[in-house]
Amino acid sequence: MSRPKIFVTRRIPEIGLHRLRESCEVDVWEDALPPSHANVMERTRDCVGLLSLLSDRIDVALLDACPALRVVANYAVGFDNIDVSACTERGIAVGNTPGVLTEATADLAFCLLIAAARSLGAAERSVRAGEWRTWEPRGFVGRDLTGATLGVIGMGRIGSALARRCHAGWGMRVLYAGPRAKPDVDTALGAQHVPLPQLLGECDFLSLHAPLTTATEHVIDARALALMKPSAVLVNTARGRLVDQTALHEALASGRLFAAGLDVTDPEPLSPDHPLLTLRNCIVVPHVGSATVGARDAMAEIAADNILRGISGEPLRHAVGT
Ligand code: DGY
């Protein structure tokens, strides 16, 4: 009997590929750079399963070109790259990988928060450039973390893991904005659900953890930035399009905002001559929030399980849109 065909759009950790290979014919895109939309369409044409990355656009055109497809398993918790309702209409299951990358991503958010607050990017570059002449009483003076107010937009798993670090370790007061209050988070962290304008006006550190939707796109725009304290720091480890980057550049360049730490940008990758990269008060890393061995292995296992369950018509380990 022929084995079910699966296309995997990049080499993921072996633990996931091995699980798939036990029962499927697995075609892996081996290039370091992502396949084009046309490449994905071509290689998935006769597949029942597609293991995609956040850089792959899974849209109606692709779904229509792949009539045998039964499951799309995203190797990510976010799934804004997938037209989930088009999948659902066609009876194609969609899976993601929540939970296992929570702590790694919260660690990176905290890392960016400190790095931006203490100008680590610029300070490190100055040492490499031979600019370290003496101990500077006024050099690289940053922001204090202890007792500050953390604002979180999107108090889900990752937002609350960051809030836990900031509250337990640095005694921060925690405010959050979003569609619903979370009584468990309120109790555990003394956190408060507040309207967005209040959050923006009161926080010293603002960290974004909301999914990208039409409601959250450019939630941080010029108006939002104007409400923030000039001493505040913005951290984004969610999706680049939550932030209007032109407005962010203006706020950082004019001193309207103290600093930003970005793991995600719009677009990705950011071109090396992008204006944000000329700023001393902006640190940018290449979307590495979940980049730990444990998180990436666990993501690979879940994505593989989602494929295997999807092709045999079982409920996915983590399904979206159903
Ligand atoms: C996700 O999972 O959505 C992250 O952005 C990448 O791990």
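Conventions and cut-offs
- Residue positions are given per chain, counted from 1 along the sequence in the order it is written.
- Local features are withheld for residues below a pLDDT of 70 in this predicted model, meaning they are given only at 70 or higher, and side-chain atom pairs are given and counted only at 80 or more; totals for whole chains, interfaces and linings count all residues.
- With hydrogens and water set aside, each side-chain value is computed from the structure's full complement of heavy atoms.
- Secondary structure elements follow DSSP: runs of H or I of four or more residues count as helices, runs of E of two or more count as strands, with numbering from the N terminus.
- Each residue is assigned to one of three classes by its accessible area relative to the maximum for its type, calculated with a 1.4 Å probe on protein chains only: buried under 20%, partly exposed between the two thresholds, exposed over 50%.
- Contacts are residue-level and defined by heavy atoms, with any inter-residue pair within 4.5 Å sufficient.
- Only the protein chains shown count as covering a residue, and every accessible area follows the Shrake-Rupley method with a 1.4 Å probe.
- In this tally Asp and Glu are treated as negative and Lys and Arg as positive; neither His nor the chain ends contributes.
- Where a charge lies is defined by one atom per residue type, namely NZ (Lys), CZ (Arg), CG (Asp) and CD (Glu).
- Sulfur atoms of two cysteines make up a disulfide when they are within 2.5 Å.
- Being near a molecule or strand, for a residue, comes down to having at least one heavy atom within 4 Å of it.
- Side-chain atoms alone can form a polar contact between residues adjacent in sequence; in general such a contact is a pair of N or O atoms within 3.5 Å, and within protein one must be able to donate a hydrogen while the other accepts it.
- Polar here means any residue outside two lists: the nonpolar Ala, Val, Leu, Ile, Met, Phe, Trp, Tyr, Cys and Pro, and the charged Asp, Glu, Lys and Arg; Gly therefore counts as polar.
- Counted as salt bridges are all cases of a side-chain nitrogen of Lys or Arg within 4 Å of a carboxyl oxygen of Asp or Glu.

S.K.: What should I look at first to understand the overall build of the protein in this one?
M.R.: Counting its secondary structure elements, the protein contains 12 helices and 12 strands. Reported as C-alpha extents along the three principal axes, the dimensions of the protein are approximately 75 × 50 × 30 Å. Counting only residues that meet the buried cut, the protein has 50% of its 322 residues in that class. Put simply, of all contacts in the protein between residues at least 6 apart along the chain, 62% involve residues at least 24 apart. Of the accessible surface of the protein, which amounts to about 15300 Å², a share of 55% is contributed by carbon and sulfur atoms. For the protein, the separation between the mean place of its 32 positive charges and that of its 36 negative charges on side chains is 3 Å.

S.K.: Is there a simple way to explain the state of the cysteines in this structure?
M.R.: A covalent bond between the sulfur atoms of two cysteines is referred to as a disulfide. Per the stated rule, a full pass over the model turns up 0 disulfides. Looking at the unpaired Cys47, the closest cysteine sulfur is the one in Cys66, lying at 7.6 Å. A relative accessible area of 3% places Cys47 in the buried class. Unpaired in this structure, Cys111 has its nearest cysteine sulfur neighbour in Cys166, at a distance of 12 Å. Here Cys111 falls in the partly exposed class, since its relative accessible area comes to 45%.

S.K.: Could you clarify how one ought to interpret the site of the ligand in this entry?
M.R.: As a matter of local geometry, the ligand sits amid Leu54, Ala76, Val77, Gly78, Leu101, Arg239, His287, Ser290 and Met299. One nitrogen or oxygen atom from the main chain of Val77 is found 2.7 Å from an oxygen atom belonging to the ligand. Measuring from an oxygen atom of the ligand, one finds a backbone N or O atom of Gly78 at 2.9 Å. Look at the ligand: alone it shows 230 Å² of surface, and the protein chains cover 90% of it. Of the residues assigned to the shell around the ligand, the class counts are 5 nonpolar, 3 polar and 1 charged.

S.K.: When you look at the environment of Ser271 in this model, what are you seeing that I'm missing?
M.R.: By secondary structure assignment, the location of Ser271 is in the loop between β11 (259–262) and β12 (282–284). For Ser271, a relative accessible area of 33% corresponds to the partly exposed category. At a separation of 2.4 Å, a polar atom in the side chain of Ser271 contacts the side chain of Asp273.

S.K.: Looking at this model, I keep getting lost on the pattern of salt bridges. Mind explaining?
M.R.: Tallying each qualifying case throughout the model produces 21 salt bridges. Two residues, Asp204 and Lys229, come together in a salt bridge whose shortest N-O distance is 2.8 Å. With a gap of 25 residues between them, Asp204 in the loop between α9 (196–202) and β9 (205–208) and Lys229 in the loop between α10 (222–227) and β10 (233–236) connect regions that are remote in the sequence. On the accessibility criterion, Asp204 (19% relative accessible area) is buried. Asp305 is the salt-bridge partner of Arg317, the closest N and O atoms lying 2.6 Å from each other.

By themselves, these observations are geometric and do not establish any function.
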